[in-house]
Each structure stands twice: as structure tokens, then as C-alpha cells.
Amino acid sequence: MTPLGSTALLEPPALPAGDIARYSAIFDTCADTALEGAPCMTPLAFARAIAPATTERAPGGPSLYTSFFAIADSEARGVLSKADFIRFQALLRQNGAAALLPFRAIAHDHADSVDARALAALASADGAAANYLKDKPQASYAEFAQLVDSTRTDRIRRAFLDADSKGSGSMPATSLCAVVSEFAPLDPSGLISQRLPLLARSEDGAAVGYPLFLALVNLLSDPAKIRRATEEVVQSQGLEPAANSDAAELSQAAFASASSLLTPLEVDVLLTLAAGHDAAPAASLGDINAVLDACHKSLSPAVAPDLRAAPVSKPARSALREAAFQAYNFAIGAVAGGIGAAVVYPIDLVKTRMQNQRSAVVGEMLYKNSIDCFRKVVRNEGILGLYRGLGPQLVGVAPEKAIKLTVNDFMRSRLTSKDTGKIAFVSEVIAGGTAGACQVIFTNPLEIVKIRLQIQGEILKEAAGAAAPIVRRSAVTIVKELGLLGLYKGASACLLRDIPFSAIYFSCYSHIKKDIFREGERRLGMIDLLLAGALAGMPAAYLATPADVIKTRLQVVAKKGETVYTGLLDAARKIYKEEGFKAFFKGGPARVLRSSPQFGTTLMFYELIHRMVPFPGDEHSSPADRLRQQSRELSSQATLFHAEHALRILHNANYKFGSFVQQNSKSQSASQ
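Per-chain numbering applies: the sequence of each chain, read as written, is numbered from 1 onward. In keeping with the predicted nature of the model, local features appear solely for residues at pLDDT of at least 70, side-chain atom pairs appear and are counted solely at 80 or more, and the whole-chain, interface and lining totals rest on all residues. With hydrogens and water set aside, each side-chain value is computed from the structure's full complement of heavy atoms.

**Regarding the overall build of the protein**
Phase 1: The helix count covers DSSP runs of H or I at least four residues long, the strand count covers runs of E at least two residues long, and both are numbered beginning at the N terminus. For the protein, the helix and strand inventory stands at 27 helices and ten strands.
Phase 2: Using a 1.4 Å probe on the protein chains alone, a residue whose accessible area is under 20% of its type maximum counts as buried, one over 50% counts as exposed, and one in between counts as partly exposed. Counting only residues that meet the buried cut, the protein has 49% of its 672 residues in that class.
Phase 3: Every residue pair with non-hydrogen atoms within 4.5 Å of one another is taken to be in contact. Long-range contacts, defined as pairs at least 24 residues apart, comprise 74% of the intrachain contacts of the protein with a sequence gap of at least 6.
Phase 4: About 30900 Å² of surface is accessible on the protein, with carbon and sulfur atoms providing 60% of the total. Reported accessibility uses the Shrake-Rupley method at a 1.4 Å probe radius. Residues are deemed covered only where the shown protein chains occlude them.

**Points about the packing of helix 21 (residues 491-516) against helix 22 (residues 526-543)**
Phase 1: Inter-axis angles, ranging from 0 to 180 degrees, are taken between N-to-C directions of lines fitted to C-alpha atoms, where helices are fitted over the stretch in contact. At a closest axis distance of 8 Å, the pairing of helix 21 and helix 22 adopts a crossing angle of 145°. With respect to the hand of their crossing, helix 21 and helix 22 are arranged in right-handed fashion. In this structure, helix 21 uses Phe501, Ile504, Tyr505, Cys508, Tyr509, Ile512 and Lys513 to contact helix 22, whose residues at the interface are Leu529, Ala532, Gly533, Leu535, Ala536, Gly537, Pro539, Ala540, Ala541 and Leu543.
Phase 2: Classifying every residue of the contact of helix 21 with helix 22 gives 14 nonpolar, two polar and one charged. Should the near helix be turned anticlockwise from the far one by less than a right angle, the crossing is termed left-handed; should it be turned clockwise, right-handed. Three classes are used, and their members are as follows: Ala, Val, Leu, Ile, Met, Phe, Trp, Tyr, Cys and Pro are nonpolar, Asp, Glu, Lys and Arg are charged, and the others, Gly among them, are polar.

**Here's the deal with the nonpolar core**
Phase 1: By size, the foremost hydrophobic cluster in this structure holds 103 residues, and its most contacted members are Phe46, Phe68 and Phe255.
Phase 2: Other than its neighbours up to four places away in sequence, Phe68 contacts Phe46, Ile50, Phe88, Leu101, Pro102, Leu640, Ala643, Glu644 and Leu647. Here, nonpolar core means buried Ala, Val, Leu, Ile, Met, Phe, Trp, Tyr and Cys residues that are tied together by side-chain atoms lying within 4.5 Å of each other.

**Here we look at the pattern of salt bridges**
Phase 1: Put simply, a salt bridge is a Lys or Arg side-chain nitrogen that is within 4 Å of an Asp or Glu carboxyl oxygen. Within the structure shown, the criterion is met by 21 salt bridges.
Phase 2: Arg22 is paired through a salt bridge with Glu633; the nearest N and O atoms lie 2.5 Å apart. Of the two residues, Arg22 sits in helix 1 (residues 17-30) while Glu633 sits in helix 26 (residues 623-652), which places them 611 residues apart along the sequence. In this pair, the class of Arg22 matches that of Glu633, namely buried.
Phase 3: We note a salt bridge from Lys82 to Asp28, for which the minimum N-O separation is 3.1 Å. With a gap of 54 residues between them, Lys82 in helix 4 (residues 82-91) and Asp28 in helix 1 connect regions that are remote in the sequence.
Phase 4: Residue Asp28 is classed as partly exposed on the basis of its relative accessible area of 48%.
Phase 5: Members of the salt-bridge network, linked through shared partners, are Arg497, Asp498, Asp548 and Arg591.

**Things to note about the confidence of the model for the protein**
Phase 1: For the protein, the average pLDDT comes to 80, and 81% of its residues sit at 70 or higher.
Phase 2: Below pLDDT 50 for its whole length, residues 309-313 participates in seven contacts with residues either more than four positions away or in separate chains.
Phase 3: A score from 0 to 100, pLDDT tells how confident the predictor is in each residue. Counting interchain partners and residues more than four positions distant, the pLDDT-below-50 stretch residues 653-672 has 25 contacts.

**Digging into the packing of helix 7 (residues 141-163) against helix 10 (residues 210-221)**
Phase 1: In contact at an axis separation of 11 Å, helix 7 and helix 10 are set at 135° when each is read in the N-to-C sense. Taken as axis vectors, helix 7 and helix 10 run oblique relative to one another. Relative to helix 10, helix 7 is oriented so that their crossing is right-handed. Two secondary-structure elements touch here, helix 7 through Arg152, Ile156, Arg157 and Phe160 and helix 10 through Tyr210, Phe213, Leu214, Val217 and Ser221. Angle categories are assigned with fixed cut-offs, so that under 35 degrees is roughly parallel, over 145 is roughly antiparallel, 65 to 115 is roughly perpendicular, and the rest are oblique.

**Quick notes on a nonpolar patch on the surface**
Phase 1: What makes a patch is a set of residues exposed beyond 30% relative accessible area and free of salt bridges, joined within 9 Å when like-charged and within 5 Å when nonpolar (Val, Leu, Ile, Met, Phe, Trp, Tyr). Together, Met526, Ile527, Leu531, Leu535 and Met538 give the surface a local cluster of nonpolar side chains, amounting to about 460 Å² of exposed area.
Phase 2: In this fold, Leu535 is placed in helix 22.
Phase 3: Here Leu535 falls in the partly exposed class, since its relative accessible area comes to 35%.

**Describing the environment of Ala31**
Phase 1: With respect to the helices and strands, the residue Ala31 is situated in the loop between helix 1 and strand 1 (33-35).
Phase 2: In this structure the C-alpha to C-alpha distance between Ala31 and Ala49, which are 18 residues apart in sequence, comes to 8.8 Å.
Phase 3: When near neighbours in sequence (up to four residues on either side) are disregarded, Ala31 contacts Pro39, Cys40 and Met41.

**Digging into helix 14 (residues 285-299)**
An α-helical turn contains 3.6 residues, so a residue and the one three or four places further along point in the same direction.
Phase 1: A helix is expected to span 1.5 Å for every residue after the first. Compared with the 21 Å implied by 1.5 Å per residue over 15 residues, the 21 Å span of helix 14 between its first and last C-alpha is a close match.
Phase 2: Of all 15 residues making up helix 14, eleven are buried, and the element is well covered by its neighbours.
Phase 3: Burial in helix 14 covers these residues: Leu285, Gly286, Ile288, Asn289, Val291, Leu292, Ala294, Cys295, His296, Ser298 and Leu299.

**Digging into unusual backbone geometry**
Phase 1: Within the chain, Glu36 stands out as a residue other than glycine whose phi angle is a positive 55°.
Phase 2: You can see Glu36 is positioned in the loop between strand 1 and strand 2 (38-40).

**Topic: the packing of aromatic side chains**
One pair of aromatic rings is described through two measures. These are the centre distance and the angle between the planes.
Phase 1: When two rings of Phe, Tyr or Trp (its six-membered ring) have centres within 6.5 Å they constitute a pair, described as stacked for plane angles under 30 degrees, edge-to-face for angles over 60, and tilted for the intermediate range. This model, assessed by the stated rule, comprises 21 aromatic pairs.
Phase 2: Ring plane angle 90° and centroid distance 6.5 Å describe the contact between Phe46 and Phe85, whose orientation is recorded as edge-to-face. Residue Phe46 is located in helix 2 (residues 43-50), and its partner Phe85 is located in helix 4; the two are separated by 39 residues in the primary sequence.
Phase 3: Taking the relative accessible area as the measure of exposure, Phe46 reaches 0% and is therefore buried.
Phase 4: Take Phe85: its relative accessible area is 0%, and that puts it in the buried class.

**Overview of the side chain of Ser24**
Phase 1: Counting through the fold element by element, Ser24 comes out in helix 1.
Phase 2: Reaching out from Ser24, the side chain makes a polar contact with the backbone oxygen of Ile20 at a distance of 2.7 Å. Polar contact is defined as a pair of N or O atoms within 3.5 Å, subject to the rule that within protein one atom must be able to donate a hydrogen and the other to accept it, and that residues adjacent in sequence are counted only when both atoms are side-chain atoms.

**A short note on the environment of Ser257**
Phase 1: The residue Ser257 is located in helix 12 (residues 252-258) in this model.
Phase 2: Considering only alpha carbons, one finds Ser257 and Ser236, 21 residues apart in sequence, at a separation of 9.1 Å.

Have a look at this one:
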């Protein structure tokens, strides 16, 4: 266990791959020398690579940041490798780094204490601290850290008093930027600086009170806290911080009920800066993100690439990786399709029995409705009768659903605009229709075998008293009887059903997720995905029922006395003539009851499995990834800013890191 007040630099935490890539790019930009053929950094290049952009305009620029070079140069080689630089960035995420880094910068030989005279500036305006340190030869790290924190608070108070020349408890709003930038990173020409005058709440509208000043300094000193508080509020409202929910309004009440990270006055300051008008009761998430972007820009090194401008698009895949990715989608589609088919198979059996029932044949009305059909199947054939033909269904449904889902995703990715990231409605219809057409390769053989297995129960029941009983046939027997061409009997009707079904289904599914369940504004859960899939299946299933009825009639072996159909148009004409228009929608309700939950279940599992088992090596940067990365950088760069601020205080007291030189000693030396 690390002892209390230890100055040990612990093993830094591992950085995410995206952070490492970003720091590597900064290193490559700033590296100004080489060691044994490998690019390296000198102290000045190191300072340029870590100093916030705002220091470029400050007196002395980023040169004071070279004081941290010795900490990064753990092997004392005089130059930094890329690994050294990345390790230093990881050290910034260690707890207490804001005090630990300046302490290590002034301590001799990594000692656990420092010359107490070095802390003179920290006690210059604090009599109690001065009395404590005056007779102490050494000060520990714990004492140093406490005095740094106390001194910062005291300097904030004194800075306000200096600006409050009238002693009114308020300071001119025009002086805010200059005063606040001493304690928090602030770009004089940036968004936040431009809106600081809005905080003036005095009668003449030109002054800012002390409590509001403190709230502003505290808020901007730790912008990562703004991000965390905002995420808590956003999540309490069921939204996604990284999604397309910039228009969502976050109010004072929302912050008060969902987060304790910010005080009410800090929330007031945040909403005013974000909304761009005085005493704003709420601000949009997009406006709050703009404030955080401004903070991040001020804290980031000038050489750092714009994090928000990083591309969101997926990296290009090689032909081999693309083939592997489509196989990955196919496998997930097969698993999801099998689960969906098993869940609703009893409903599918009832649907098939109802559609095969011929009302024009006397005595053929076995079932009054779908519920009556369900009851009679259970009574006459048992519970297992509801799953008659499930085996071939599971064998065939895997490639059927897999190819449908894979082709739809493939077509959507190809038809999506690379500039806007959006897909037109017509393109959605084309993608779905193409998927429906491709699936017929597997669907038709599957359907014809499944249907003949499903109606065997009826045939066996009718032949029970016959002199020559009919033997139950297996799926293999049926396939042999049909042959290759026979397996595609009714394929035209299958195409007529599956193309419009998929075109309607996938288009509806996409828009229900986006328009009803607000995909893009929030992360959809299991119930959302299930309902979206189920709702989309209703119109698609019912509107495709006529084609399904025709397909069933063409694929079933007609019994004695039943009408024989020779083709698609012949079947449509005879069904209409003998049974009327309503016959085209026989089994429609059962089809909706089957297709709706089946596709709801299938799409739910398809999307959930994609989330749980992402394609290996395809974890590309997303808006959510960038927001998390920004939050981490806000924290680490703010730590670095405050560490440099502590060093600046010591520097102003003429403490040259590694040796202490008093002002009068320097004067005496100069006079000799």
C-alpha cells in the first residue's frame, strides 16, 4: 500500500487505443531530434507538445512546462521517446497529479520532502503558513499539496479584491477574462470570453458579484466536471450524450434533480454561457457541448488535431476483411433468425392451415378461425403438432434470415451518402426489396417442404379410416419427390411476396426506430428494438398476404376435388372467382401475429448480438468515443494547467527548480 503523502509516481493507467493514437500524432508533429534512428523530443519540443494553446500568447509562452521534462525523462537520457511521452500523458490521469507533478519538479533526487524555503511563495500572504514554515528545514509532499490548494484559493480571493477597487463586493465584468484566465484556461477571443459580460447582475449591468465570480472560476477550472454532470442529467432523461440530441433542453431543475457535481450557481453560470443570454433557465445540449468544446480547445496543445473534426466514417476494409465482415453478419443473422422462427412457429403452422382451407369445397371447413385451428391441432395432434416441420424450418431459416439481413445492411451501407451519413427513403426501399429478392433462393425450397409437412396432419386425419392408410413422409422424402425444379414451384409468388414485404418492413423498421423511439437521441433497449421490429412487421405482413395465399396454393398438393392451379395469374383468377376477394387475406391476422413477433425477436437479437460481439478490429471512432476521449483530455489537461500554475507561483518567488536563490543574494552578487 502506498503510504500517506507518498510522492511515488505510481504505474500509470493504461490508455485507450484512441488516446494513444492521438498522442502519437502529437509526438510525431513535435519530435525535433533523434536517438539511435528513432524520433525524440527535446525539452522545448516537449513543452510545445503539452502546453495548452492559451499559453502561446502568455508571457514566456510554454517554456515553464519544460520543468516537467525530467519527470517524463525517467531514464535521464536528455530526450524523450514516444513511449516516454505517452507514459507522461498517462501520469496526468493519476490521482493527485496536479500537486504531485510540481512537487517532483522541485524536489532533489526524487526525495519525499523539499526545502521549506521553496514554499515561501505559498505562505507569502498566509501568516499561519509562514509561521509554520519559518523554522522547518524540510516540508513533506502532503504539506506541499495542502499549501498549494490553500494558496490557490487565497490567490483567487485576492485577485477578486484587487479587481474590486470600490470595495463593493463586485468587480467589473470587463475585467473577468483577464482575472479568470489566471486560474482557468481561457481563450481571450473564444466563445466563453465573448459571453462573460452576460454574467453581470448588478443594477447597472456592468459588475459581477463575488459568489458568481467564484462559481465561474470553479466551473472553468474543472471542465471535466461539467461533462460528468451533463452526462448524469442526459442519462436521467433517457438520452444519449453522443447521439443526435443536441436540441434537448437541460434546465436548472434537471441538474438539481440528477446531479450533485455542480452547485446551483455553477449551473446558472453554465446555462448562461451556453444559451448566450442572461439568467437562462435552460440551455440545449448542443450549446453546453459548445462550451465544453471551447474549454477543450483552450486546454489542448496548439499542435493537437481538432478532436471534434475527427472522421466518424468507418475505415475502409480490404476485400478479405469485407468478406469476413459479411460472413460475420451472416452468422449473426442465422442465429437471430433461428431464435425468431422457433418463438413463433406454432403461429406459422396455424397460418398455413388456415390459408390451405378451401371454402369452395363442401365439408372442407375444418376450422372456423385461427383460434379454433390452434385448439383443434392441440386436441388432435398434441402440443408437438404445433411444431410439425420445425426441423427443416430451423435448417432453412438460418440462411434465409441471414441473407436477408446481410443483404439489407450491405445495400444500405452502399446507398448511404458518404457526405451526410444519411440514406434516402427510396434507397431504403431498394435495399429492403433487394434483400427480399435474394432470400427467395433459400425461402422457396424451405417454404414448400415446410408447408407440405404442416398439412400432413390434416391428410392423415382424413385418411385414418381408409383401406390403405397414408404413411407420414419426412422432409427428405418430400425433397426427393419434388426434385430441384419442384423445390422452386411457386417461386414467382414467393418473389411477389418477399420483395414488397422486405421493402416495407426494413423501411418501416428504420423510421419507427428513428421517429418513434428516437434512435440517435438515445440508446435503444431490448424492448424498444422488439417493439420497433414488431410494429414494422404488421403492415408488411398483412399487405403481403395475397401473394402468400397464392404461393401456398401453388405449393400444396391439391386433394381430390380441389381446384388445381397452373400458375400465378391462374391461381389469382380462380381464387377470386371461386372464393371472392376476401380469400386473398385468409390467414392475414395469423400471418401478422406470426411475422410481427418473429421479426421483432429476430431484429432485436440481431442488433443486440452486434453490440455484444462487435466485429474484431472494427472498433472505429464514434461520436460517443470522441466525447469520452474529450472528457479524459479535459481532466488530464486541466491537471497539467493547475500543476503549471503551482510552478509559476514558485517561479515568481525566485525559486529556480533545484536550487533556491534569494533576491538579496542576487543583488549582492550583482554589486560585487
